[in-house]
Amino acid sequence: MNPCTFLTRRRKVPNFTLQKPKTSAITLLKASPHHDQAMSALIRRYAAENCHKRMLKSNYPTLIFSCHASTRAAPQLNGDAATTGLYGFNHLKNPKGFQRFVDDAIERSGELVNYISSMPSSAEIVRAMDEISNTVCCVVDSAELCRNTHPDREFVEAAGKASMRINEYLHYLNTNHTLYAAVKRAEKDGNLLAKEAHRAANQLRIDFEKGGIHLPPEKLARVNQLNLSTIQLSREFGENITIDPGSLDIFPASRIPRHIHHLLKPIHRFTAGTSPGSLGSWNNMKEKGLRITTDHHTLVSVMHWVLDEEVRKMAYIQGNSVPHANLEVLDKLAAARHELAQMMGYRSYAEFVVKPNLASSPEVVMSFLHEMSKIVRPKADEEFEAIRNFKREKCGQRCIDLEPWDETYYTAMMKSSAHNLDSSIVASYFPLSQCIEGLKVLVNSLFGAMLHNVPMAPGESWHPDVLKMTLHHPDEGDLGYLYLDLYSRKGKYPGCANFAVKGGCRISETEYQLPVVALLCNFSVSPGSSTVKLNHGDVETLFHEFGHALHSLFSRTDYQHFSGTRVALDFAEMPSNLFEYYAWDYRVLRTFAKHYSTGEIIPEKLVKSMQGARDMFAATELQRQVFYALADQTLFGEQPASPNDMSSILAELKMQHTSWKHVEGTNWQIRFSHLVNYGAGYYSYLYAKCFAATIWKKLCQEDPLSLTAGTALRTKLLQHGGSKEPAELLNDLVGEGILKHCDGGIIPDITCFLEESRLVGDE
């Protein structure tokens, strides 16, 4: 069956620590780029994909023969004034409503299971299976969104309990042989089904088998144990990061630039010293210091701004050494996933994950990654030498060598110096309100549609900051709904994510269940300001997430199983990466990027400086991403006969495939949540980058706001979700030259991406 999902974006993480890719997120029932897979795999997916950040979630269609009210467009999604519950679901008017929401979903799904047991026509089997998925995912996705965003602890706890209960029910569905037999029968009757319906039957059968339903009872029992174990380990990995972010005490406080003091905790210590006027006597002196919590956000700021190399070094080592407990968790997770894959007949977990995707095999992925590593190395080495020389110019004789904790500090300084950039000046042209206008400009110019703010019914929203928009086309009417929850607050999911609340699907010849998604970010007001201004990295993130949202909102698949982002793992991040380009093109930026106080349009010269700074160390960034993907494939690839120390293996990989040294005793992987959420799938970010580069150059670059290009994107790509093979969609969109066949799999054509990254000359 189709697991629910959410996508998260891979963040551009400095070399000192990693965190979503993105992504991102992952997939439950089936929808994100971080999948596990199947209805059979629902339980595994649910957990694994629940850890991810930057999410997309989705739901499903209702049966034509018997529609359940809650699976149709929610009564209040049209903005009526009557009181409703969260996200327009009447059940969710209060925390206790989650229990009834689960009860009704189980009851309705039970009716559908009984109906399928009577062996109706193959078309009705597929439709009924899809409604089960839709019904269950409404609960799963709503619970996940609530757990990650609601300020009321009662709602959060109720959502958590609902999540656990529906997860248990998913286990029952995953192991239901009556459903499996019905799906297999429907697949065999392919000649009696429409093309999308047959594809759905095929995917459902594969999904069931991904969960081991076809195995003998004793093997299936072990598979279920392993799935539950990976769920627990995945949660433990994430919880350890939250519980133990690490900290470092710095004295005196003057070693830290004053403008980032607000990110740190003031501390004091008493030191012995002489008191003025009483020579020879000693008194306790109170010295002010600062405690650095080495979570990702704070660590980035420390690495960027702190001149004191010793402070940067200590912060780097601490940030890459905790939580130590995750060393064991990661080892256990890799072992459990490997055993699971072998129980399913695969040589490795990497093969288990990659096989249903474009790449088809780990060998194809590794070949692609090794080629990228070889191409990028000379330029990355040049950039390394440039940074080292710059450090030596600044430090003179005190400089011994370039260290990993130097990269962020000196590259930021080099970018600012070379392009005369001031991040506060850049941010002044990106007030959040104008960035939202930029999203509206894109929708109107590319697709001839409009994003309208619409009122919410009482009870529909979870926080006063939340906005609701409808995607409206003048000829087609409303196409879907978008919630925007963009401000940082205590207790909220800390990253950027796209949660699907409802997936699109056809209910009848004249009725379509409109998709509903929620876009989450964590923007905040800078100290001393009343306006939320985004740095350009945040603008890029917003546009990335919006790409995910549009993939869902424009989807017009018959089955929710294929709605929006429910596509192959190594294809799901492509639309979001494509939309990042719009955040860099001056022809787009000049339509909305305006100074927050004067209204001045962002100068083209400033944008060119931003672009120049972005490109300065492109090879270093690409090399880092190739290394992470190689590490991911190695961790979950074929295991040696005798266990090896994973830290040593990853240290060796870093020396082979990057220009930077490994710092003994550090373990970046214990905070790299993509290994949990995207296990064996991190390469998909590089696939997405390459596909997006080709599409941008061949379709969008000449006129980025072209209605013709936007119409092609919508009709040849976005509206199909996962209902067609990704290779078919890509070739149909831009023709030849976007992908290559390699040893039974598919890899992206890298020409456009390498030209853009200045790694090859223009032809």
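Residues numbered from 1 in each chain as written. Predicted model: local features only at pLDDT ≥ 70, side-chain atom pairs only at ≥ 80, totals over all residues. Heavy atoms only, no water.

## What to know about the overall build of the chain
Looking only at helices and strands, the chain features 26 helices and 13 strands. Going through the 763 residues of the chain one by one, you find that 62% of them count as buried. Carbon and sulfur atoms form 51% of the exposed surface of the chain, whose accessible area is close to 28700 Å². (Helix = DSSP H or I, 4+ residues; strand = E, 2+ residues; numbered from the N terminus. Buried < 20%, exposed > 50% of the residue type's maximum accessible area, 1.4 Å probe, protein only. Areas by Shrake-Rupley, 256 points an atom, 1.4 Å probe, with all protein chains shown as cover.)

## Things to note about the packing of helix 12 (residues 362–395) against helix 21 (residues 646–657)
Between helix 12 and helix 21, the least distance of the axes is 10 Å, while the angle of their chain directions is 50 degrees. Of the possible angle classes, the one that applies to helix 12 and helix 21 is oblique. Contacts between helix 12 and helix 21 involve His370, Ser373 and Arg377 from the former and Met655, Gln656 and His657 from the latter. (Axes fitted to C-alpha atoms, helices over the stretch in contact; angles between N-to-C directions. Parallel < 35°, antiparallel > 145°, perpendicular 65-115°, else oblique. Contact = heavy atoms within 4.5 Å.)

## What about the nonpolar core?
Counting 139 residues, the largest nonpolar core has Phe430, Tyr582, Ile602 and Ile695 as the members making the most contacts within it. Of all the elements, helix 23 (residues 684–700) adds the most residues to this core, at 11 residues. Here Ile602 is in contact with Tyr429, Phe430, Tyr586, Leu589, Ala593, Val607 and Met610, once residues within four sequence places are set aside. Judged by nonpolar contacts, the second largest core, of 58 residues, contains Leu145, Phe155, Tyr169 and Val516. (Core = buried A, V, L, I, M, F, W, Y, C linked by side-chain atoms within 4.5 Å.)

## Structural notes on unusual backbone geometry
In this model, Phe251 is joined to Pro252 through a cis peptide bond whose omega is -10 degrees. Mapped onto the elements of the fold, Pro252 is located in the loop between strand 2 (247–250) and strand 3 (265–274). One non-glycine residue, Tyr87, lies in the positive phi region at around 60 degrees. Relative to the helices and strands, Tyr87 is located in the loop between helix 1 (42–50) and helix 2 (97–117). Note on Tyr87: relative accessible area 0%, which makes it buried.

## Thoughts on the pattern of salt bridges
Considering all chains together, one arrives at 38 salt bridges under this definition. For Arg377, the salt bridge identified is with Asp381, shortest N-O distance 3.0 Å. Remark: Asp381 and Arg377 occur in helix 12; sequence separation between them is four residues, near one turn of the helix. Assessed through its relative accessible area of 24%, Arg377 is described here as partly exposed. According to the relative accessible area criterion, Asp381 is partly exposed, its value standing at 31%. (Salt bridge = Lys/Arg side-chain N within 4 Å of Asp/Glu carboxyl O.)

## Looking at the state of the cysteines
Enumeration over the complete set of coordinates arrives at zero disulfides. Take Cys496: it sits in no disulfide, and the sulfur closest to it among the cysteines is that of Cys521, at 3.8 Å. (Disulfide = S-S within 2.5 Å.)

## A look at the confidence of the model for the chain
Per-residue confidence for the chain averages 88 on the pLDDT scale, and 87% of its residues sit at or above 70. Segment residues 10–80: pLDDT under 50, and 450 contacts once partners within four positions in sequence are set aside and those in other chains are kept. (pLDDT = per-residue confidence, 0-100.)

## A closer look at the packing of aromatic side chains
Inspection of every chain in the model, using the stated rule, returns 31 aromatic pairs. The structure contains a cluster of three or more aromatic residues connected by ring pairs, namely Phe627, Tyr628, Trp668, Phe672, Tyr678, Tyr682 and Tyr685. It is Lys468 that lies over the ring of Tyr481; its NZ or CZ is 5.0 Å from the centre. A cation over a ring is seen here: Lys533 above Tyr596, with NZ or CZ 4.5 Å from the ring centre. (Phe/Tyr/Trp six-rings, centres within 6.5 Å; stacked < 30°, edge-to-face > 60°. Lys NZ or Arg CZ within 6 Å of the ring centre and 35° of its normal.)

## Observations regarding the environment of Ile166
By secondary structure assignment, the location of Ile166 is in helix 4 (residues 153–174). Note: C-alpha distance between Ile166 and Val140 (26 residues apart in sequence) is 7.1 Å. What Ile166 contacts, discounting residues up to four positions off in sequence, is Val102, Ala105, Ile106, Val136, Val139 and Val140.

## Overview of the side chain of His548
Relative to the helices and strands, His548 is located in helix 16 (residues 536–553). At a separation of 3.3 Å, a polar atom in the side chain of His548 contacts the side chain of Glu573. (Polar contact = N/O pair within 3.5 Å; in protein donor to acceptor, adjacent residues only side chain to side chain.)

## Some remarks on helix 9 (residues 309–319)
Turning to helix 9, its buried residues are Val311, Arg312, Ala315, Tyr316 and Gly319. Down the axis, helix 9 shows its buried residues gathered within 130 degrees of arc, on one side only. The opening residue of helix 9 is Asp308, an N-cap whose side-chain oxygen sits 3.0 Å from the backbone nitrogen of Glu310. (Arc of directions from axis to C-beta.)

## Quick word on the pairing of strand 11 (residues 516–523)
Burial of strand 11 is extensive: eight of the eight residues sit out of reach of the surface. Burial along strand 11 is two-sided: the face carrying Val516, Ala518, Leu520 and Asn522 and the face carrying Val517, Leu519, Cys521 and Phe523 are both buried. Two strands pair when backbone bridges link them, and strand 8 (residues 497–502) and strand 11 are joined in this way by five bridges, in the antiparallel orientation. Across the sheet, Asn498 pairs through a bridge with Leu519, a residue of strand 11. (Pairing = 2+ DSSP bridges.)

## Examining helix 13 (residues 407–419)
With 13 residues, helix 13 extends 18 Å from end C-alpha to end C-alpha; this agrees with the ideal 18 Å at 1.5 Å per step. Those residues of helix 13 that sit buried are Glu407, Thr408, Tyr409, Tyr410, Thr411, Ala412 and Met414. Next to the buried residues of helix 13 lie helix 8 (296–305), helix 9, helix 12 and helix 20 (618–635). Backbone geometry just after helix 13 places Asn420 at a positive phi near 50 degrees. (Expected span 1.5 Å × (residues − 1).)

## Brief notes about the pairing of strand 6 (residues 467–473)
Of all seven residues in strand 6, five are buried; the element is thus mostly enclosed. When strand 6 meets strand 7 (residues 477–487), the two strands line up antiparallel, connected through seven bridges. For Leu467, the partnering residue across the bridge sits in strand 7 and is Leu484.

## Some thoughts on the environment of Val102
Of note, Val102 is situated in helix 2. Sequence separation of Val102 and Val140 is 38 residues, and the distance between their C-alpha atoms is 9.1 Å. Excluding residues that lie within four positions of it along the chain, Val102 makes contacts with Val139, Ala162, Arg165 and Ile166.

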